[in-house]
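Each chain, written out:
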There are 2 protein chains.
Amino acid sequence: MTSAAAATHKSTDRPQVGFIGLGLMGYPMAKNLARAGYRLAVSNRSSQKAERLASETGAAAGTPEEVAKNSDVVFTMLPGPSEVEAVVRRALIPAARPGTTLVDMSTSSPPLARKLARLGSERGLGVLDAPVSGGDVGAIEGTLSIMVGGEAEDFERAKPLFDVLGKTVTHVGPAGAGQVVKAANQVVVALTIEAVSEALVLASRGGVAPEVVLDVLGGGLAANKVMEVKREKLLTGDFVAGGKVASQHKDLGIALQTARSLGVAMPATALVEKLYGSLMSHGLGDLDHSALLKVLEDLSPGR
Amino acid sequence: MTSAAAATHKSTDRPQVGFIGLGLMGYPMAKNLARAGYRLAVSNRSSQKAERLASETGAAAGTPEEVAKNSDVVFTMLPGPSEVEAVVRRALIPAARPGTTLVDMSTSSPPLARKLARLGSERGLGVLDAPVSGGDVGAIEGTLSIMVGGEAEDFERAKPLFDVLGKTVTHVGPAGAGQVVKAANQVVVALTIEAVSEALVLASRGGVAPEVVLDVLGGGLAANKVMEVKREKLLTGDFVAGGKVASQHKDLGIALQTARSLGVAMPATALVEKLYGSLMSHGLGDLDHSALLKVLEDLSPGR
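About the criteria used
- Residues numbered from 1 in each chain as written.
- Chains lettered and ligands numbered in written order.
- Predicted model: local features only at pLDDT ≥ 70, side-chain atom pairs only at ≥ 80, totals over all residues.
- Heavy atoms only, no water.
- UniProt positions renumbered as here; feature names shortened; annotations may be inferred.
- Buried < 20%, exposed > 50% of the residue type's maximum accessible area, 1.4 Å probe, protein only.
- Helix = DSSP H or I, 4+ residues; strand = E, 2+ residues; numbered from the N terminus.
- Pairing = 2+ DSSP bridges.
- Core = buried A, V, L, I, M, F, W, Y, C linked by side-chain atoms within 4.5 Å.
- Contact = heavy atoms within 4.5 Å.
- Least-squares fit on C-alpha atoms with pLDDT ≥ 70 in both.
- Buried area = accessible area lost by both parts, 1.4 Å probe.
- Salt bridge = Lys/Arg side-chain N within 4 Å of Asp/Glu carboxyl O.
- Polar contact = N/O pair within 3.5 Å; in protein donor to acceptor, adjacent residues only side chain to side chain.
- Nonpolar A, V, L, I, M, F, W, Y, C, P; charged D, E, K, R; others polar.
- Axes fitted to C-alpha atoms, helices over the stretch in contact; angles between N-to-C directions.
- Parallel < 35°, antiparallel > 145°, perpendicular 65-115°, else oblique.
- Left-handed = near helix turned anticlockwise from the far one by under 90°.
- Right-handed = clockwise from strand over helix to strand, strands pointing away.
- Phe/Tyr/Trp six-rings, centres within 6.5 Å; stacked < 30°, edge-to-face > 60°.
- Lys NZ or Arg CZ within 6 Å of the ring centre and 35° of its normal.

- Chain A goes by 3-hydroxyisobutyrate dehydrogenase and related beta-hydroxyacid dehydrogenase in an unreviewed UniProt entry, where it is assigned to Rubrobacter radiotolerans.
- For the record of chain A, the UniProt heading Sequence similarities (unreviewed entry) holds the text "Belongs to the HIBADH-related family."

This is the structure we're talking about:
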């Protein structure tokens, strides 16, 4: 961690930035921060990617604890709540200096986000939950939508960095609120895919060409972004991801768990989570989430 | 029926038009045809409305059989399949002269539409199923979307009349196809309302303001027309219709019946039809269909 440690001793107004989790989303996000001129320290479970990013951008690579110790703002972009628990709670919160801001951009659970904010606050850390939508394309192009929960002053501190990563950055409420909005987002996305899938199977078995259905429905109250963005996949049946079935399934699980903890009924979400589960059990987690159409087709034997 | 009979003897290239069913949708549609200069004969279950339209437009009022006998094209705009069966099958098909085109614009069942086309064809009649979307505002302003099933030559014959009634007019396939597309449309509308309702209850119980949720979700893959058009109703809880719960419930019943006849699985539609049924059983059929939000709120006791 020599170069990162050295970097923190350079005198400058710009914060030293840490980034942990260099997957499909995190890698291009970290790269955008480096390109914007931020001094970067990075960490990843497989150190190969961290070293690749280091060689591409001059970032320092190290362990999560090393990154935390030497950064003013630390981003995490991890697969889900259990990785967030392991990295943010067990590594970053204990290691970070007081005054550091931790920004978890993973899609994780609202109760965990609130817990991390509380634990962080006890150690003098600001903690934001800041999940995103917009996919890998948004991550690469720096056009993500970022929904941020936490204290206003922490949000303001991280705002210039968010503006590098995303196009629409919204402070949606206190700790956990970002994850709540992300869960709500994933519910609407999944149920819209289900709606379009049921409509397409009905229409095609009823003798109407699917492209005609998408055209006509797109002109009225039934119009939605899924029909636009997923049009080619739905028409060709070529479900190369895109947003993956596995992520959608995981995110619906988080939404349902949150709903249960709040006493909220989500009957259609519960149903659609099961249908995504059937894709998972057939080993199709890497397909695009619009592959839900296949489940409906398989469930429809015809007459 | 004196004036209508007289009208048919005027020499002109423009067809004599009949319109049966002068409800919330039919009345302004018939009026638009009269305004466009078509000679009109009308009929309604309660003759008062037919007489009012006659005095406003100079249209002739009579029984469905009289209208059928004296028209080249006869439109029907009726509450549902049983009324279509009664009027189109039992009155219009027997009474119309060969060469007449019957256009059913009601939201009705695809199998019934196919049956009417067959029976009409045996009597030398063209029969189109041409349900609409766009609501009473679209009917008044002549901006409906019209999805038409039937023979191409019948469609071409009725096209100039459709262009008076609607903005987007699409020949979607053979007899019944219009009703199939309308059913698919209603499925997507209802499931989108369900999706937005589940998301809003989750978010508001999770401490996020509903307007923030609608704003953020509207910027990404979760975006849909329901969140735009129903925004005020969803935020204020004032569910004055708009598209009614009763119509939405009836339309989902048609979609499910069609799905059953085709061997198509629509598990989310079946669930949402039940939720609309609970609004019906509470006597709330006249509310706007976005009042589904109330069901989800009632089902969510909180902790």
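Okay, back to it.
### Describing the pairing of strand β2 (residues 40–43) of chain A
Residues and elements named next belong to chain A.
Phase 1: Burial of β2 is two-sided: the residues L40 and V42 facing one way and the residues A41 and S43 facing the other way are all buried.
Phase 2: Examined bridge by bridge, β2 and strand β3 (residues 60–61) share two bridges and lie parallel to one another. For A41, the partnering residue across the bridge sits in β3 and is A60.

### Focus on the nonpolar core
Phase 1: Core analysis: the biggest nonpolar cluster contains 96 residues, and Y276 and L292 of chain A together with L217, Y276 and L292 of chain B have the highest contact counts within it.
Phase 2: For Y276 of chain A, the residues in contact, after removing those within four places along its chain, are A190, I193, V245, Q248, H249, L252, H289 and L292 of chain A.

### Examining the relation of the copies chain B and chain A
Phase 1: Laying chain B over chain A is done by rotating through 180° and shifting 0.0 Å along the axis; what remains is an RMSD of 0.0 Å. Between the two chains, the operation in question is that of a two-fold axis. Residue N224 of chain B, judged by its C-alpha, is the member of chain B lying nearest the rotation axis, at 2.0 Å.
Phase 2: Both copies contact each other with a shared surface, as 100% of the interface residues of chain B are interface residues in chain A too.

### Quick notes on the UniProt feature "domain: 6-phosphogluconate dehydrogenase NADP-binding" (unreviewed entry) in chain A
Phase 1: Under the local residue numbering, the UniProt record ascribes the feature "domain: 6-phosphogluconate dehydrogenase NADP-binding" (unreviewed entry) to residues 16–173 of chain A.
Phase 2: This span, residues 16–173 of chain A, is 48% helix and 24% strand, and a straight line between its end C-alpha atoms measures 26 Å.

### Quick word on the interface of chain B and chain A
Phase 1: Residue-level contacts link 60 residues of chain B with 60 residues of chain A.
Phase 2: Summed over both partners, the interface of chain B with chain A comes to about 4800 Å²; 76% of that surface belongs to carbon and sulfur atoms.
Phase 3: On the chain B side of the contact with chain A, E198, L202 and L221 of chain B bury the most area, a combined 15% of that side's loss.
Phase 4: Summed over the shared surface of chain B and chain A, the number is zero salt bridges.
Phase 5: Counting every contact that joins chain B to chain A gives eight residue pairs in polar contact (both at pLDDT 80 or more).
Phase 6: Where the side of chain B that touches chain A is concerned, the elements lending two or more residues are β8 (144–149), β9 (166–173), α9 (177–205), α10 (210–217), α11 (225–229), α13 (245–262), α14 (267–281) and α15 (292–299) of chain B.
Phase 7: In terms of residues, the side of chain B that touches chain A owes the most to one element, α9 of chain B, which gives 19 residues.
Phase 8: The class makeup of the residues in the side of chain B that touches chain A is 40 nonpolar, 14 polar and six charged.

### Things to note about the UniProt feature "domain: 3-hydroxyisobutyrate dehydrogenase-like NAD-binding" (unreviewed entry) in chain A
Phase 1: Within this numbering scheme, the UniProt entry marks residues 176–296 of chain A as carrying the feature "domain: 3-hydroxyisobutyrate dehydrogenase-like NAD-binding" (unreviewed entry).
Phase 2: Note that residues 176–296 of chain A is 71% helix and 0% strand, and that its end C-alpha atoms are spaced 34 Å apart.

### Remarks on the side chain of T76 of chain B
Residues and elements named next belong to chain B.
Phase 1: Relative to the elements of secondary structure, T76 occurs in strand β4 (residues 73–76).
Phase 2: Judged by its relative accessible area of 2%, T76 is buried.
Phase 3: For T76, the side chain forms a polar contact with the side chain of D104, separated by 2.8 Å.
Phase 4: Residues in contact with T76, not counting those within four places in the same chain, are I20, V87, V88, L92, V103, D104, M105 and S106.

### Comments concerning the pattern of salt bridges
Phase 1: For the coordinates displayed, the defined rule picks out 24 salt bridges over all chains.
Phase 2: D251 of chain A is the partner of K250 of chain A in a salt bridge, and the nearest nitrogen-oxygen pair spans 3.1 Å.
Phase 3: On the accessibility criterion, K250 of chain A (27% relative accessible area) is partly exposed.
Phase 4: Overall, D251 of chain A belongs to the buried group, its relative accessible area being 5%.
Phase 5: Among the salt bridges present, the one from E85 of chain B reaches K115 of chain B, with a minimum N-O distance of 3.3 Å. You can see E85 of chain B sitting in helix α5 (residues 81–95) and its partner K115 of chain B sitting in helix α6 (residues 110–122), a full 30 residues away along the chain.
Phase 6: Residue class for E85 of chain B comes out buried when judged on its relative accessible area of 17%.
Phase 7: Bridged by salt links that share partners, the residues K31, R52 and E56 of chain A form one connected network.

### Focus: the packing of helix α2 (residues 26–35) of chain B against helix α3 (residues 47–57) of chain B
Residues and elements named next belong to chain B.
Phase 1: The geometry of α2 relative to α3 is characterised by a closest axis approach of 11 Å and an angle of 25° between their N-to-C directions. Judged by the angle between their axes, α2 and α3 are roughly parallel. Viewed along their axes, α2 and α3 form a crossing whose handedness is right-handed. On α3, the residues touching Y27, A30, K31 and A34 of α2 are K49, R52, L53, E56 and T57.
Phase 2: Here the residues of the contact of α2 with α3 are counted per class, giving four nonpolar, one polar and four charged.

### Thoughts on the pairing of strand β4 (residues 73–76) of chain A
Residue and element names in this part refer to chain A.
Phase 1: Burial along β4 is two-sided: V73 and F75 and V74 and T76, pointing in opposite directions, are all buried.
Phase 2: Here four bridges tie β4 to strand β5 (residues 101–104), and the two strands are oriented parallel to one another. Following the sheet pairing, F75 is matched in β5 by V103.
Phase 3: On the question of chirality, the crossover connecting β4 to the parallel β5 by way of helix α5 (residues 81–95) is right-handed.

### Description of the packing of aromatic side chains
Residues and elements named next belong to chain A.
Phase 1: Scanning the model with the defined rule gives six aromatic pairs over all chains in all.
Phase 2: An aromatic cluster is present here, built from F19, F75, F155 and F162 joined pairwise through their rings.
Phase 3: Geometry around Y38 places R14 over its ring, the cationic atom sitting 4.1 Å from the centre.

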